[in-house]
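Structure at a glance
Listed here are the chains, written in short residue letters.
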Amino acid sequence: MVKQGTIIKINFNPQSGHEQAGFRPAVVISNEVFNEKTKLSIVCPITNTNNHFPLHIPLDSRTKTTGVILCEHIKALDLNSRKYQKIEDLPKDILNKVIDIVYAEIEQI
């Protein structure tokens, strides 16, 4: 089971419209209790296309994964039915920025 802050590589297909697609890295933002109880994990995809959008959090030299975390592309995935690979753990301060942005987005709804 993955934990909050784990960077995984997973296939986002099938996708629709403007959703991210393909085999790419993502960071798990849901906590272990949520993951266990729902059998789902909430993730944000990571891309190497940096357009300096305010909801994108850049990774830094502390991770071997490169790119930006797309905080507006929140997706719940059943990791038991998809193949994924654990890559590394996201530094806590970056994870906190992502969670802050996601919660701010939800509060606006």
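In this text the structure is predicted, and so the values were computed from the model without any measurement.

With 16 residues, the main nonpolar core has Val27, Cys44, Ile57, Ile69, Cys71, Leu90 and Val98 as its most contacted residues. Secondary structure elements with two or more residues in this core: β3 (41–47) and α2 (92–108). Here this core takes six residues from α2, the largest share from any one element. Beyond its immediate chain neighbours, meaning those up to four positions away, Ile69 contacts Val27, Cys44, Pro45, Ile46, Leu55, His56, Ile57, Leu59, Leu90, Ile94 and Val98. In terms of nonpolar packing, the next biggest core, distinct from the first, is built from nine residues, Val2, Ala26, Leu77 and Leu79 among them.

Once that is clear, we can look at unusual backbone geometry. Its identity as a non-glycine residue notwithstanding, Lys39 has a phi of 60°, on the positive side. Among the secondary structure elements, Lys39 is positioned in the loop between α1 (32–38) and β3. Backbone geometry at His52 places phi at a positive 60°, although glycine is not the residue there. Examined against the element boundaries, His52 turns out to sit in the loop between β3 and β4 (56–58).

Throughout the structure, instances matching the rule amount to four salt bridges. Between Asp89 and Lys3 there is a salt bridge whose closest N-O contact spans 3.8 Å. Of this pair, Asp89 sits in strand β7 (residues 84–89) while Lys3 sits in the segment before β1 (6–11); the two residues are 86 residues apart in sequence, bridging distant segments of the chain. Of the residues examined, Asp89 reaches a relative accessible area of 38% and is grouped as partly exposed. Overall, the relative accessible area of 38% leaves Lys3 in the partly exposed class. Here Asp60 ties to Arg62 by a salt bridge, and the two come within 2.8 Å at their closest N and O atoms. Owing to a relative accessible area of 31%, Asp60 belongs among the partly exposed residues under this scheme. Classification of Arg62 by relative accessible area gives partly exposed; the value is 46%. Where salt bridges share partners, they join Lys3, Lys86 and Asp89 into one cluster.

Another aspect to go through is the side chain of Thr6. By secondary structure assignment, the location of Thr6 is in strand β1. In this structure the side chain of Thr6 is engaged in a polar contact, spanning 2.9 Å, whose partner is the backbone oxygen of Lys3. Residues within four places of Thr6 in sequence aside, it is in contact with Ala26, Val27, Val28, Lys86, Glu88 and Asp89.

Quick notes on the rules
- Residues numbered from 1 in each chain as written.
- Predicted model: local features only at pLDDT ≥ 70, side-chain atom pairs only at ≥ 80, totals over all residues.
- Heavy atoms only, no water.
- Core = buried A, V, L, I, M, F, W, Y, C linked by side-chain atoms within 4.5 Å.
- Buried < 20%, exposed > 50% of the residue type's maximum accessible area, 1.4 Å probe, protein only.
- Helix = DSSP H or I, 4+ residues; strand = E, 2+ residues; numbered from the N terminus.
- Contact = heavy atoms within 4.5 Å.
- Salt bridge = Lys/Arg side-chain N within 4 Å of Asp/Glu carboxyl O.
- Polar contact = N/O pair within 3.5 Å; in protein donor to acceptor, adjacent residues only side chain to side chain.

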